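Close look at the chain arrangement
Each chain is listed here by its residues.
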Amino acid sequence: MSTTMRTARRHADVVRAARAARGRWVLVGVYGSTGGGQSAARRIPLAEQLPAYGPPGTFEAYDARHDDGRAVWVRYAAGLPKPEPRPTAMTYRVCDRGTGRGYEGVRVATVIVSAECPCCGGPRGSAVPHRFAEDGEWHTVDKWDNPCGHVDMYASVLAEYRRDRELAENAVRAHIDLDAIGDGEYDEPVALLKALSLVLHSPSARDASRFLELGGHSEAARRVEEERAARETRMTLRDAAQYLLQLAAARAACTDCDGGLVSYRGRDGEFVSVRCRSCRREVTPVA
């Protein structure tokens, strides 16, 4: 059997599995090069040179680091209801038992980590509260099952969180003059993203969202994710920083809304307020 026929059969098997598991992510395969994985993840939603995934828009795909290369994951997204957007980060409550050799007791730490399994790039599981007693005290942490089967140990998740936090702190110290940061709406998160772009390897907008969440800039992270999902081309971390500057300028110049809401009279004569598409401010539309 030729390589082309084997590849076509493998993708046909993946499509059948993804359709059967609608809305859940299925592993397409592991590519030896980053470029190969990124190319496949870009072509699958477009069904470009991969007709098994047609028609275009039927499947979603992403690529992520794998212990053996670059993994590509896909999910069947046609029909309604639409699957939830893939998160950029996960927030968990985990046990922190210290780093010493002896018993140091336990405390609960809240961490923000990547939404992908560090071993295979598959989606991490959703948090489920778990209560336990230790030293006469009750504690609540989170447990989760990764669909890929890899187990996240609390110690490794803590180490991942601390590594990202230290990386961000070092980037800020090395590349940002804190006294020079302005007081604009997004000046601080933009400065963080620009500093990270100098230290991260091949940074993407998903990195931007995760590190913005880590730095306490949740609203900026959500705006970046909205824009990343709307774009057809790959969005880099620098693109994310530039977008936030453009959004801040659009908000300052916007005359179409009142505090992020646009009001109009509905067919029934009642006034309705909807979120301004230019400002994208954090507001709740009202009827």
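This text follows the structure it describes.
Scope of this entry: the structure provided in the associated data block.

Quick notes on the rules
- Residues numbered from 1 in each chain as written.
- Predicted model: local features only at pLDDT ≥ 70, side-chain atom pairs only at ≥ 80, totals over all residues.
- Heavy atoms only, no water.
- Pairing = 2+ DSSP bridges.
- Helix = DSSP H or I, 4+ residues; strand = E, 2+ residues; numbered from the N terminus.
- Axes fitted to C-alpha atoms, helices over the stretch in contact; angles between N-to-C directions.
- Buried < 20%, exposed > 50% of the residue type's maximum accessible area, 1.4 Å probe, protein only.
- Contact = heavy atoms within 4.5 Å.
- Expected span 1.5 Å × (residues − 1).
- Arc of directions from axis to C-beta.
- Polar contact = N/O pair within 3.5 Å; in protein donor to acceptor, adjacent residues only side chain to side chain.
- Salt bridge = Lys/Arg side-chain N within 4 Å of Asp/Glu carboxyl O.
- Parallel < 35°, antiparallel > 145°, perpendicular 65-115°, else oblique.
- Core = buried A, V, L, I, M, F, W, Y, C linked by side-chain atoms within 4.5 Å.
- Disulfide = S-S within 2.5 Å.

Focus on the sheet that holds strand β3 (residues 69-76)
Strand order in this open sheet of three strands is β1-β3-β2, and the pairing throughout is antiparallel. What marks the edges here is a single partner per strand, and that holds for β1 (26-31) and β2 (59-66). The sheet shows a mean angle of 25° between the axes of neighbouring strands, taken without regard to direction. Bridging between β2 and β3 involves eight bridges; their strand directions are antiparallel. Across the sheet, the residue bridging to F59 is Y76, located in β3.

Some details on helix α5 (residues 205-214)
In terms of burial, α5 is largely enclosed, as nine of its 10 residues are buried. What α5 keeps buried is the set A205, R206, D207, A208, S209, R210, F211, L212 and L214. Of the surrounding secondary structure, the elements contacted by the buried residues of α5 are β4 (89-96), β5 (107-114), α3 (154-175), α4 (187-197), α6 (218-230) and α7 (237-253). Positive phi appears at G216, one or two residues downstream of α5, with a value of about 85°.

A closer look at α3
With 22 residues, α3 extends 32 Å between its outermost C-alpha atoms, agreeing within 8% with the 32 Å of an ideal straight helix rising 1.5 Å per residue. For α3, the complete set of buried residues consists of V157, L158, E160, Y161, D164, A168 and A171. Seen end-on, α3 carries its buried residues on one side only, within an arc spanning 165°. Away from the buried face of α3 by more than 90 degrees, exposed residues A155, R173 and A174 are located. On the buried face of α3, the contacting elements are β4, β5, α4 and α5.

A short note on the environment of R10
In this structure, R10 sits in helix α1 (residues 3-20). Looking at R10, the relative accessible area reads 33%, which means it is partly exposed. Beyond its immediate chain neighbours, meaning those up to four positions away, R10 contacts V28, G29 and Y31. Looking at R10, its side chain comes within polar contact range of the main-chain oxygen of V28, at 3.2 Å.

Focus: the pairing of β3
With seven of eight residues buried, β3 is to be regarded as a mostly interior element. Linkage of β2 to β3, two consecutive antiparallel strands, is achieved through a turn of two residues.

A few points about the pattern of salt bridges
If you walk through the whole model with that rule in mind, you get 21 salt bridges. Among the salt bridges present, the one from R70 reaches D63, with a minimum N-O distance of 2.9 Å. Neither R70 nor D63 differs from the other in exposure class; each is buried. Across the salt bridge formed by E219 and R251, the nearest N and O atoms sit 3.1 Å from each other. Here E219 is found in helix α6, whereas its partner R251 is found in helix α7, with 32 residues between them in sequence. If you follow the salt bridges from partner to partner, you end up with E185, E219, R223, E226 and R251 in one network.

Notes on the packing of α3 against α5
Interaxial distance between α3 and α5 falls to 11 Å at its minimum, and their mutual angle equals 90°. Regarding the angle of α3 to α5, the classification is roughly perpendicular. Contact residues: α3 offers Y161, D164, R165, L167 and A168, while α5 offers R210, F211 and L214.

With respect to the side chain of R206
Within the secondary structure layout, R206 lies in helix α5. The contact partners of R206, leaving out residues within four places of it in the chain, are R86, P87, T88, A115, E116, E225 and R228.

What about the side chain of S204?
Here S204 lies in the loop between α4 and α5. Residue contacts for S204: discarding those within four places in its chain leaves M235, T236 and L237.

Section: the nonpolar core
Nonpolar side chains tend to gather and get buried jointly when the protein is soluble and globular. Judged by nonpolar contacts, the single largest core of 39 residues is most densely connected at V94, V111, L193, L196 and L244. When contributions to this core are tallied by element, the ones reaching two or more residues are β4, β5, α3, α4, α5, α6 and α7. Excluding its chain neighbours within four sequence positions, the residues that come into contact with L193 are A208, L212, L237, A240, A241 and L244. Within the second largest apolar cluster, 16 residues are counted, among which are A18, Y31, A61 and V74.

Some words on the pairing of β4
Buried residues dominate β4, accounting for six of its eight residues. Inspection of the sheet shows β4 paired to β5 by eight bridges, in the antiparallel sense. Paired with Y92 across the two strands is V111, which belongs to β5.

Things to note about the state of the cysteines
As enumerated under the stated definition, the model contains zero disulfides in all. With no disulfide of its own, C117 has C148 as its nearest cysteine by sulfur position, at a separation of 3.8 Å.

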